[in-house]
Amino acid sequence: MLTFSKYQGLGNDFILMEGRSGQLSVEIHTPDPGWVQRLCDRRFGIGADGLILALPPEGDAELRMRIFNADGSEAEMCGNGIRCLARFLADSDGDSPGRRWSIETPAGLIIPELQNDGQIRVDMGAPFLDPASVPTTLNADSTGLPVGELTLDGDTLSLAAVGMGNPHAVVLVDDLNAIPFERWGAELECHEVFPAKTNVHFLKVHGRSQLEIRVWERGAGPTLACGTGACATLVAAVLLGLSDRQATVELPGGPLQISWEKPGASVFMTGPAVAVFDGVLNPELVPFQSSTTDGTLVEAEQAASLKAASSEAENRQPAEDCSEEEAQSRVQEFLASNSLDSMINIATESLEQRTLSRLQRDSQS
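Criteria and thresholds
- Along every chain, residues carry numbers that run from 1 in the direction the sequence is written.
- Local features in this predicted model are restricted to residues of pLDDT 70 or higher, and side-chain atom pairs are both shown and tallied only at a pLDDT of 80 or more, whereas totals for entire chains, interfaces and linings draw on every residue.
- Heavy atoms from the whole structure form the basis of all side-chain values; hydrogens and water molecules are not counted.
- The helix and strand labels rest on DSSP assignments: H or I over at least four residues marks a helix, E over at least two residues marks a strand, and numbering proceeds from the N terminus.
- Any two residues having at least one pair of non-hydrogen atoms within 4.5 Å are treated as being in contact.
- In this description, accessible areas are obtained by the Shrake-Rupley approach with a 1.4 Å probe, and a residue is regarded as covered only by the protein chains that are shown.
- Each residue gets one of three labels from its accessible area relative to the maximum for its type: buried under 20%, exposed over 50%, partly exposed in between, using a 1.4 Å probe on protein chains only.
- Here, a strand pair is defined by DSSP locating no fewer than two bridges between the strands.
- Detection works on a 1 Å grid of protein atoms alone, calling trapped sets that fit a 1.4 Å probe cavities and calling open sets with protein on both sides within 12 Å along at least five of seven lines pockets, with lining residues defined by an atom within 4 Å of a point.
- Grid points are joined across faces, edges and corners, and a volume is the space filled by probe spheres set on the points.
- Residues are grouped as follows: Ala, Val, Leu, Ile, Met, Phe, Trp, Tyr, Cys and Pro are nonpolar; Asp, Glu, Lys and Arg are charged; every other residue, Gly included, is polar.
- Among buried residues, the Ala, Val, Leu, Ile, Met, Phe, Trp, Tyr and Cys ones that are joined through side-chain atoms within 4.5 Å form a nonpolar core.
- A 3.5 Å cut-off defines polar contacts: any pair of N or O atoms within that distance qualifies, except that in protein one atom must be a possible hydrogen donor and the other a possible acceptor, and neighbouring residues in sequence count only when both atoms are side-chain atoms.
- Salt bridge, as applied in this entry: a Lys or Arg side-chain nitrogen positioned within 4 Å of an Asp or Glu carboxyl oxygen.

Here we look at the overall build of the chain
Line of reasoning, step 1. The helix and strand tally for the chain stands at eight helices and 21 strands.
Line of reasoning, step 2. Within the chain, residue pairs in contact and separated by at least 24 positions form 61% of the contacts whose partners lie at least 6 positions apart.
Line of reasoning, step 3. With the model as given, the accessible surface of the chain reaches about 16,200 Å², and the carbon-plus-sulfur share is 47%.

Okay, here's the thing in C-alpha cells:
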C-alpha cells in the first residue's frame, strides 16, 4: 500500500512520501500534474500546498527532493517544505538533534539540521541577485539588487527581485490589510518581467529586526508561510537599507528567524516543522502502473499490492543477490499468501510504530 505523511511548517502543509530506496514507481516520482492536484485538493483529496518526494540521490548527496505545487507544477525549492522533509526524515529514522542531511534539489544542495528544540535550521545557500539568475528582466541597482516599478490597473508598485533557487518578488507596502492582495498577487505571479513566474511577498517593515509579509506562492496562491520567501525578503530589505542582517520575519502562520551574514554568504532559516498525521492512500488514488509487456494496465489495487510485495521481497534479500525471476516469484508468493486486508494491516502497523517512536523520542527530548 502507498503510505504518506502530512507535515506543516507554519501552516504551509505538505504530503510527504518515502522513496529513498527507489520504491516509488515512475508514475509517482515523476507524477502527472492531475494526480498531484487531486491529492492536494482540500475537499476531494488529502489537502496540501504541495507534494514532497524523498528520492535516491543522483550525485554524492544523501537524498534528493522533488516538490510539486498544488497545481501540479514542479518547484525548484521550498523553505518550509525542506524543513518538513527534514523532520519527516528524523521521525522516520529516529534521528537526534544535531543530525544534518545533504539534500539535492533543482536549486542546488540544501543542508537542514535538527535543533535541540525540534526546530530545523537550514543553510539555504547564497541568494541569486543577477537578474538572469532570478530570473527577471528588472535591472539591478548599485547594490546589485534587481528593482523596478510596475503599474497594475493604475496602481504603481515598487518591487525588488531575489532568487533563492526559485524566483521572488518583494513589494514594500504601508498597510498589509489595505492592499488588493489576491489581485496583485495573481497579476505579479504571471507578469512578463518574471519569465518563469514568481512568488510574491508584500512587505511591511516594523523595525530593523522585525519584518512582516503576506505570501502569494507561485502555483499555490495565498499560503500561510514561505521559507524561501522569508529569506528573499530579508535579503531585499538588507540591500534596500531597511533591515539588519538578522531579523524575525513574521508570516501569517508564524515567525521565522532569518540571517544573512554578508554578501555572497548563505542565508540561514530557522523554524518549526510539525507532523500532522500518517496515512495510507485509497487504492483508487494510486496511479495506474504498467504490468505487462503488451502495455496493458493493472488496476491500482494490484499495482499497490505488487509494490508492497516487492518491498517485502527486497527486505528478505539484498537486490543485488536476487534475480528478476526470483523477485517476481517472491512477489507472487507474497500476493498468494496475503489478502488485501492483511497488507493494509501491515501498512497500518508500520505507521503506528513510526508514530509511537516519534512520540517517545519527543517526550524524552
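Section: unusual backbone geometry
Line of reasoning, step 1. The omega angle of the peptide bond from Val134 to Pro135 is -5 degrees, so this bond is cis rather than trans.
Line of reasoning, step 2. Mapped onto the elements, Pro135 comes out in the loop between strand S8 (120–123) and strand S9 (139–140).
Line of reasoning, step 3. A positive phi angle, near 55 degrees, is found at Leu10, a position not held by glycine.
Line of reasoning, step 4. Here Leu10 shows up in the loop between strand S1 (3–9) and strand S2 (12–18).
Line of reasoning, step 5. We note that Lys197 has phi near 65 degrees; this positive angle belongs to a residue other than glycine.
Line of reasoning, step 6. Relative to the helices and strands, Lys197 is located in the loop between helix H4 (181–189) and strand S13 (199–207).
Line of reasoning, step 7. The class of Lys197 is partly exposed, set by a relative accessible area of 41%.

A short note on the pairing of strand S10 (residues 146–152)
Sheet faces and side chains relate simply in a regular strand, where the side chains alternate between the two faces.
Line of reasoning, step 1. In this sheet, S10 lies alongside S9 in antiparallel orientation, the contact comprising two bridges. Paired with Asn139 across the strands is Val147, a residue of S10.
Line of reasoning, step 2. The antiparallel hairpin formed by S9 and S10 contains five residues in its connecting segment, where Gly144 sits at a positive phi of about 95 degrees.
Line of reasoning, step 3. Pairing of S10 with strand S11 (residues 155–163), which is carried by six bridges, proceeds in the antiparallel orientation. Bridge pairing in S11 links Leu150 to Leu157.
Line of reasoning, step 4. Counted between consecutive antiparallel strands, the loop separating S10 from S11 contains two residues, among which Asp153 sits at a positive phi close to 50 degrees.

Overview of empty space enclosed by the protein
Line of reasoning, step 1. This model, assessed by the stated rule, comprises two cavities of 30 Å³ or more.
Line of reasoning, step 2. Here the largest cavity is characterised by a volume of approximately 80 Å³.
Line of reasoning, step 3. Taken together, Ile67, Asn69, Ala75, Met77, Cys78, Asn166, Asn199, Glu217, Arg218, Cys226 and Thr228 form the lining of the largest cavity.
Line of reasoning, step 4. The residue makeup of the lining of the largest cavity, split by class, is five nonpolar, four polar and two charged.
Line of reasoning, step 5. In this structure, the second largest cavity encloses a volume near 40 Å³.
Line of reasoning, step 6. Lining the second largest cavity, in full, are Asn12, Phe14, Asp49, Gly50, Ile67, Phe68, Asn69, Cys78, Glu217, Ala220 and Thr223.
Line of reasoning, step 7. For the lining of the second largest cavity, the secondary structure elements donating two or more residues are S2 and strand S4 (63–69).
Line of reasoning, step 8. For the lining of the second largest cavity, the leading source of residues is S4, giving three residues.

Comments concerning the nonpolar core
Line of reasoning, step 1. Ranked by internal contacts, the top residues of the largest apolar core, which has 56 residues, are Leu16, Met65, Leu85, Trp101, Ile103, Leu251 and Ile258.
Line of reasoning, step 2. For this core, the element with the highest residue contribution is helix H5 (residues 227–239), accounting for nine residues.
Line of reasoning, step 3. In this structure, Ile103 is in contact with Ala61, Leu63, Arg64, Met65, Ile82, Leu85, Leu89, Gly108, Leu109, Ile110 and Pro112, ignoring residues within four places of it in sequence.
Line of reasoning, step 4. In terms of nonpolar packing, the next biggest core, distinct from the first, is built from 20 residues, Leu138, Leu157, Val173 and Phe181 among them.

Points about the side chain of Asp13
Line of reasoning, step 1. The residue Asp13 is located in strand S2 in this model.
Line of reasoning, step 2. Overall, the relative accessible area of 9% leaves Asp13 in the buried class.
Line of reasoning, step 3. Within polar-contact distance, the side chain of Asp13 engages the side chain of Lys6 at 3.3 Å.
Line of reasoning, step 4. Leaving out residues up to four positions away in the same chain, Asp13 has contacts with Lys6, Tyr7, Gln8, Arg42, Gly47, Ala48, Asp49 and Gly50.

Notes on the pattern of salt bridges
Line of reasoning, step 1. Scanning all chains against the criterion turns up 16 salt bridges.
Line of reasoning, step 2. With its nearest N and O atoms 3.9 Å apart, the salt bridge here joins Arg64 to Glu58.
Line of reasoning, step 3. By relative accessible area, which is 65% here, Glu58 ends up exposed.
Line of reasoning, step 4. Sharing partners across several salt bridges, the network here consists of Lys6, Asp13, Arg42 and Asp49.

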